[in-house]
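Observations on the model geometry
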Amino acid sequence: MISPKIWSQPPSPLPHKPRRACFVSGLSDPTSSALSMDQLALLRSLPFEDSEIVTRNFPFTIDRRDVAREVSLIWASFNNGWQYWRLDSPRYCNLMARHWQNLLQHTDRLYLVSLSCGLEFIRAGIRSHADAARMHVVALGPVCRRLPECELTIIQGEQDWISRRFVPAANHRIEGLGHMGYISHPKVQEILCNVLANSISA
């Protein structure tokens, strides 16, 4: 079950940046916002300076862990599902909004890579058209109630029946890819780099 502490923590202080890149997914270990080594490697392969990369998962708070600990697939699925359905609660949406507003107040343009239900975290955190206009989201295997009203690129595996049930259409389909394996798939990295490089230079 997700720990209230991580959501109730005050947002982490941030210096102002013209742009930032962030990774957003459900927290398989709900006691920490640390990213896995593979998630960090994916972020660092993108066309951003190290200082523009947020090295924590949402809600981007600092804790004792530098790298996410291993969690069983069953337990990770349970935690992610619990977090997804709790976004119906105004309490959790309000807690989430504080962290998004902190990020937006200190960043001119946000580039977000979401995985699975991470897109629902983003959708629930967007409170205005002005916020949405400053975001470009690249969603990997998205699971969400409805799509956020921001610039959005969807990458989806042809065999990802979980994502395709929630989001039938995609900008890019990857042959043979299911709901697992987005982070380490070379085609995902290639598409991500191209999409974000084009967005930055636009």
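Residues numbered from 1 in each chain as written. Predicted model: local features only at pLDDT ≥ 70, side-chain atom pairs only at ≥ 80, totals over all residues. Heavy atoms only, no water.

1. Looking at unusual backbone geometry
Selection rule: Secondary structure elements follow DSSP: runs of H or I no shorter than four residues count as helices, runs of E no shorter than two count as strands, and numbering proceeds from the N terminus. Burial status follows relative accessibility: with a 1.4 Å probe on protein chains alone, a residue under 20% of its type maximum counts as buried, one over 50% as exposed, and anything between as partly exposed.
Here the amide bond leading from Phe-58 into Pro-59 is cis, since omega sits at 15 degrees, within 30 degrees of zero. With respect to the helices and strands, the residue Pro-59 is situated in the loop between β2 (53-57) and α3 (73-86). A positive phi is found at Phe-60, a non-glycine position, where the angle reads about 70 degrees. Looking at Phe-60, the relative accessible area reads 9%, which means it is buried. One non-glycine residue, Ser-116, adopts positive backbone phi at about 55 degrees. For Ser-116, the location among the structural elements is in the loop between β3 (107-115) and α5 (118-125). Of the residues examined, Ser-116 reaches a relative accessible area of 18% and is grouped as buried.

2. Observations concerning helix α2 (residues 37-44)
Convention followed: Within this analysis, the arc is defined by the directions that extend from the helix axis to the C-beta atoms. Whether two residues are in contact is decided by their heavy atoms: any pair within 4.5 Å suffices.
Among all positions in α2, only Gln-39, Leu-40, Leu-42 and Leu-43 are buried. Buried residues of α2 fall within an arc of 160 degrees about the axis and therefore sit on the same side. Turning to α2, the residues buried within the fold contact β1 (17-24), β2, β4 (135-140) and α8 (186-201).

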